[in-house]
Amino acid sequence: MRIGDDPAGSALGDSHELRRHRGLFVTDGSAVPASLTVNPSLTIAALAERAVPAIVSRAREAAADVTYGAPLPPSAT
C-alpha cells in the first residue's frame, strides 16, 4: 500500500487515499517502504496525523458532522 505519485507503482495517493476507492484511507506502516524514525510507531502515528485533513474533508463531503482539532485547554488564569 505504498504512497506515491505514479499509480503504476503505488496504491495510495499523497493523501493516503486508496486509488479508485474514494473514502478508504490507509495509514499503517505499509504506506512507506521503511521506518522513517528509530521507533516505527512514531512513523505510523505521523502517517495517520498527515492523513487526517483528507479524511475530514471526505467525511464532510459525505455530510458527516465532523469537528477537526482538539478542544482548547482550560484557561490557566
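Bear in mind that the values here come from a model prediction, so they are computed numbers and not experimental data. (Residues numbered from 1 in each chain as written. Predicted model: local features only at pLDDT ≥ 70, side-chain atom pairs only at ≥ 80, totals over all residues. Heavy atoms only, no water.)

## Thoughts on the pattern of salt bridges
Here's step 1: Evaluation of the coordinates by the stated rule reveals three salt bridges.
Here's step 2: One salt bridge connects arginine 58 with glutamate 17, and the closest N-O pair in it is separated by 2.8 Å. Of this pair, arginine 58 sits in helix α1 (residues 40-61) while glutamate 17 sits in the segment before α1, placing them 41 residues apart in sequence.
Here's step 3: Between arginine 58 and glutamate 61 there is a salt bridge, with the nearest N and O atoms lying 3.1 Å from each other. With a gap of three residues between them, arginine 58 and glutamate 61 both fall in helix α1, about one helical turn apart.
Here's step 4: On the basis of relative accessibility, which here comes to 47%, the residue glutamate 61 falls in the partly exposed class.
Here's step 5: It is possible to trace a salt-bridge network through shared partners that takes in Glu17, Arg22, Arg58 and Glu61. (Salt bridge = Lys/Arg side-chain N within 4 Å of Asp/Glu carboxyl O. Helix = DSSP H or I, 4+ residues; strand = E, 2+ residues; numbered from the N terminus. Buried < 20%, exposed > 50% of the residue type's maximum accessible area, 1.4 Å probe, protein only.)

## Comments concerning the nonpolar core
Here's step 1: Counting six residues, the largest nonpolar core is built from Leu12, Leu18, Val26, Ala31, Val32 and Leu47.
Here's step 2: For valine 26, the residues in contact, after removing those within four places along its chain, are Met1, Leu12 and His16. (Core = buried A, V, L, I, M, F, W, Y, C linked by side-chain atoms within 4.5 Å. Contact = heavy atoms within 4.5 Å.)

## Quick look at unusual backbone geometry
Only a minority of non-glycine residues have a phi that is not negative, and only a minority of peptide bonds are not trans.
Here's step 1: Unlike most non-glycine residues, histidine 16 shows phi in positive territory, near 75°.
Here's step 2: By secondary structure assignment, the location of histidine 16 is in the segment before α1.
Here's step 3: Of note, arginine 20 is a non-glycine position whose phi angle comes to about 65°, a positive value.
Here's step 4: Relative to the helices and strands, arginine 20 resides in the segment before α1.
Here's step 5: Of the residues examined, arginine 20 reaches a relative accessible area of 78% and is grouped as exposed.

## Examining α1
Here's step 1: Taking 1.5 Å of rise per residue, 22 residues should cover 32 Å, and α1 covers 32 Å from first to last C-alpha, within 8% of that figure.
Here's step 2: Along α1, the helix axis deviates most sharply at valine 52, where the bend reaches about 40°; the proline proline 53 sits within four residues downstream.
Here's step 3: Of the positions making up α1, those classed as buried are Thr43, Leu47, Ala51, Ala54 and Val56.
Here's step 4: Phi turns positive one or two residues past the end of α1, at alanine 63, with a value near 70°. (Expected span 1.5 Å × (residues − 1). Bend = angle between axes of the 7 residues up to and from the residue.)

## Comments concerning the side chain of glutamate 17
Here's step 1: On the basis of relative accessible area, glutamate 17 is assigned to the buried category, the value being 11%.
Here's step 2: A polar side-chain atom of glutamate 17 sits 2.8 Å from a polar atom in the side chain of arginine 58. (Polar contact = N/O pair within 3.5 Å; in protein donor to acceptor, adjacent residues only side chain to side chain.)

## Focus on the side chain of serine 10
Here's step 1: Locating serine 10 in the fold gives a position in the segment before α1.
Here's step 2: At 2.8 Å, the side chain of serine 10 forms a polar contact with the backbone oxygen of aspartate 6.
Here's step 3: Apart from the residues lying within four places of it in its own chain, the contact partners of serine 10 are Arg2, Ile3, Gly4, Asp5 and Arg19.

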